[in-house]
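# Close look at the chain arrangement
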Amino acid sequence: MRERWVPDAPALTVEPPLHGGGPELAVSYGELGRRVRRATGWCRDQGLVAGDVLALQLPKDPAFLELHLGALAAGVVTLPLHPDATPGEVELLMEDAGAKVLVRDVAAVRPALDASPEVDPADVPWDAVAVLLYTSGTTGRPKGAPLTHGNLVAGVRSLHDAWRWTPADVLLHALPLFHVHGLFVAQYGALWAGAHTRWLAAFDPVRVLELLPRSTVFMGVPTFYSRLLAHGRHGADLGSMRLFTSGSAPLPSAHHEAFQREFGHTILERYGMTEIGIVLANPYDGERRPGTVGVPLAHVEAKVVGADGATLAPDEVGEICIRGPSVFGGYLGRPEATAEALQDGWMHTGDLGSVSTDGWFRVVGRAKDLVISGGLNVYPREVEAKLLKLEGVREVAVFGVPDEDLGERVAAAVVCDGPWEPQRLQATLREQVAPYKLPRRWFRVDDLPRNTMGKVGKAELRRRYGVRVRPATLDDLEGIVRRNLALCDETEDFALDPGVVRSGVARVFAEDVGASYWIAERDGRIAGQLMVTTEWSDWRDRPVWWIQSVYVEPDDRRYGVYRALHDHVLGRARQAGAAGVRLYVETRNERAQRTYRAVGMDGGHYAVFETMFAGGGS
Ligand code: MLC
Ligand code: AMP
C-alpha cells in the first residue's frame, strides 16, 4: 500500500465540524507512515503477535487508522466495533473473536502511540487474516467474517483501476470507519493511490457542500444522497468532482435521477457485502443505469440461481451468487454457516436479483431477514431475541418499513401480556443494543401473521405497516380538499369553511402562499396527509415549521401513519435548517393531544406542541 506514499504529500485532513470551531488537523504521508510504524511498535509493546486480535471501539479519529494499519503491518488482526455498541455487545464479539486487547479511549491511547518506537512492517502472508467483521444470520448470533490480506488487496486493486484513482485525487470522506464501505472502499482507495483524504467525523450536508468544491471523489450510502437532495445544492461549484458513488443499500432511481438533474453528476452505484467486498459496479466510462448495480468487476464471476441452485435465465429473479479473489474463506468457527453460504467458492449472498441479457445486475430484494437502515445492517433475529426476554412480551417480530431518509426504518410488532408500554421496551432495549438497532415504530398486535408452516409473515407486516411519504401532487388536490372537509372536527382546523379550504389549497399549489402538503400512502392508497407552513422566528433567527391540517383516514390509524408523516417533516425541517417544528392542538381535541404526546412532542401549557432542534439545526 505504501509504494505511492510521497512523504510531503497530504494524506489526511481532519475537518472540524460545523460548530466545533478549531483548526483542521493535517497529516502528510511521511507523518502517517511514521505514525503507522509507531502503532506497529505499540502492538509489539502490548504483547500482540501475528494472528492476535485487537478490538477497536473508537470514534472516527486518526488513532483508529494508525492502529488498524499498524496492526496490519504486524500481522495482528483488527476487530472494528461500532462506537455506540453496548458493553454487552462488545463483550460478546470480543469473546467470539478471542480478542486480546480492546482500545476504546482515544485520549488514553494517543500519548502511548506517540511514545511508541517505530517498528518495520513484518512479512505477512496474503492468506493471513487482516480483519474480522461481524455480520449476523438466521440465528441472531453474530458471525465473524475473517478477511485476509489477499482479500483486501484484491478488492482495493480492482477498485483502484475501475475508478481511476490517482495521487491527485481528493476524497471527501464522511462515512464511518468500522465497516467495509468507509474503510476498505473509500479510505483504502485513497491510501492505495497516495491521494488526499478530507475527513468529516460524520455526514453533514452543509459541510459536505462546502468541501465538495475542493474534492474530486465522494462516496456515500443512499441516505447521504437523499439528505443532499433535501438540503439542496445552493449553487455549489462541483466542477472539481469526478466521481460520486453509492452503495451499502439500494439507491432509489428517483434519487439517482434527481441528483443528476440538480447536482449535475451521475452517481455510480455499486454492490458489495462484507464477506465478498465490492463486486458489481456501474462503469466509470459509459452508461450508468439507475436502479441497477452494473456488471461484475475484473476477476469477479456473478450469477443468479434458483431455489435448486441452477442458473436462471436472464431477467428471472433468484439469489445473486459471487465468486472471486475478494470473497472470504468462511465464517470464524462456524462450519455449518460456511457450508451454507459458500459452495464451490460461490458466495450465496442472500440478495435477490436478476441479470439482463446484456449482463447488468439488479438487486430487487432480500431472501435473508435483514433491515438496512441508513446503510447499517440490523438483524431482526438479534433484536427479537432480546425483546422476547423482556417482561410482558409474548411474541415479537422485528421488520423494516420504507423510509425516505434511511431507506428502511426498524419496526416491531408485539403481542404483549399486560399493558402496552413501548417506551419501557425501548428504554430497556437501549441498554442492550446499539441505538441504530432500536425499533423506532412499535405496534401492538393481537397475533402475528403466520404462514401455514407457522413462520412469521414479515412481508405481510411490511405491507400492513409500511407507510410511504411523498409530496402531494396536483392530482391529490381534490382528495386533500375532500379530506380536509371530512375531518373538520378531527384537527386543529375546527370550523373550516369549504370555500376557504378550496381556495387556500389552490393558492398553495399556485405557490402564492408558502406551504407544502405531504401525502402518506399505505398499502397502495392514500392514508393521510399534513400541511406545513413556515414562520420566521426573530427570537431564533431562523424559520419554525408549523404542522397543520393533519388527517389520517380512520381505517389507517394505529398503523404508524401519523408517525411516518411526523418523522418525515422533522427530517425535512432539520435538513432545511429550521429552528424546529410546532403544531397547535385544540385543547378539546384529546385524541390528537394523546397522539402528539406519544410521538414525543411536548404540549406545554398552551397546547402548542413542539420539537426544537439543538445547535445549527442541520
Ligand atoms: C444513527 N442513528 C440511526 C442511524 N444512524 N438510526 C437508524 N439508522 C441509522 N443508520 C440514530 C442514532 O442512534 C440517534 O438516535 C439518531 O439516529 C441521530 O444520530 P446521528 O448520529 O445524528 O445520526 P445521523 O447523523 O443522522 O446518522 C445517519 C447516517 C449514519 C445515515 C448519516 O448512520 C451513517 O453514516 N451511515 C452510514 C453507514 C455505513 O457506512 N454503512 C456501510 C456498511 S458496509 P438516538 O435515539 O440515540 O438519538 C456495507 C457493504 C457495502 O454495507 O456494500 O458498502
Ligand atoms: P454488509 O453485510 O454490511 O456488508 O451489507 C451487505 C448488504 O448490503 C448486501 O448483502 C446487500 O443486501 C446490501 N447492499 C450493498 N450494496 C447494495 C446496493 N447497491 N443495492 C442494494 N443492496 C445493496
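Above this text is the structure in question.
To keep things clear, this report deals only with the structure shown in the data block. In this text the structure is predicted, and so the values were computed from the model without any measurement. (Residues numbered from 1 in each chain as written. Chains lettered and ligands numbered in written order. Predicted model: local features only at pLDDT ≥ 70, side-chain atom pairs only at ≥ 80, totals over all residues. Heavy atoms only, no water.)

### Description of the nonpolar core
By size, the foremost hydrophobic cluster in this structure holds 106 residues, and its most contacted members are Trp42, Leu54 and Phe218. Per-element accounting of this core gives the leading share, 10 residues, to helix H6 (residues 180–193). Other than its neighbours up to four places away in sequence, Phe218 contacts Leu172, Ala174, Phe203, Val208, Leu212, Phe224, Tyr225, Leu228, Met241, Leu243, Phe244 and Thr245. Ranked by size, the runner-up nonpolar core spans 27 residues in total, among them Leu530, Tyr562, Leu565 and Leu570. (Core = buried A, V, L, I, M, F, W, Y, C linked by side-chain atoms within 4.5 Å. Buried < 20%, exposed > 50% of the residue type's maximum accessible area, 1.4 Å probe, protein only. Helix = DSSP H or I, 4+ residues; strand = E, 2+ residues; numbered from the N terminus. Contact = heavy atoms within 4.5 Å.)

### Topic: the site of ligand 1
Around ligand 1 there are 21 residues in total, and Ser248, Arg270, Ser373, Arg430 and Arg440 lie nearest to it. Within the contact set of ligand 1, an oxygen atom lies 3.4 Å away from a backbone nitrogen or oxygen of Gly272. At a separation of 2.7 Å, an oxygen atom of ligand 1 approaches a polar side-chain atom of Arg440. Counting residues per element, the ones that place at least two in the shell around ligand 1 are H6, helix H8 (222–231) and strand E12 (268–273). Examining the composition of the shell around ligand 1, we find that three residues originate from one element, H8, more than from any other. Here the shell around ligand 1 is composed, by residue class, of nine nonpolar, eight polar and four charged. (Near = heavy atom within 4 Å. Polar contact = N/O pair within 3.5 Å; in protein donor to acceptor, adjacent residues only side chain to side chain. Nonpolar A, V, L, I, M, F, W, Y, C, P; charged D, E, K, R; others polar.)

### Quick notes on the environment of Ala341
Secondary-structure assignment places Ala341 in helix H10 (residues 335–341). Classification of Ala341 as buried rests on a relative accessible area of 8%. Discounting chain neighbours no more than four positions away, the residues touching Ala341 are Tyr331, Trp346, Met347 and His348.

### A closer look at the packing of helix H2 (residues 62–74) against H6
At a minimum axis distance of 13 Å, the contact between H2 and H6 shows a crossing angle of 80°. By the criterion of interaxial angle, the relationship of H2 to H6 is roughly perpendicular. Residues Phe64, Leu65, His68, Leu69 and Leu72 of H2 lie in contact with H6, whose contacting residues are Leu183, Phe184, Gln187, Tyr188 and Leu191. Split into classes, the residues belonging to the contact of H2 with H6 amount to eight nonpolar, two polar and no charged. (Axes fitted to C-alpha atoms, helices over the stretch in contact; angles between N-to-C directions. Parallel < 35°, antiparallel > 145°, perpendicular 65-115°, else oblique.)

### Focus on the site of ligand 2
In the vicinity of ligand 2, 16 residues are found, and the nearest of them are Glu269, Arg270, Thr274, Asp351 and Lys368. Within the contact set of ligand 2, a nitrogen atom lies 3.1 Å away from a backbone nitrogen or oxygen of Ser248. Within the contact set of ligand 2, an oxygen atom lies 2.5 Å away from a side-chain nitrogen or oxygen of Asp351. For ligand 2, the protein covers 93% of the area, taking 500 Å² as the surface of the free molecule. Contributions of two or more residues to the shell around ligand 2 are made by E12 and strand E19 (361–366). When residues in the shell around ligand 2 are grouped by element, the largest group, five residues, is from E12. Residue composition of the shell around ligand 2, grouped by class: seven nonpolar, four polar and five charged. (Areas by Shrake-Rupley, 256 points an atom, 1.4 Å probe, with all protein chains shown as cover.)

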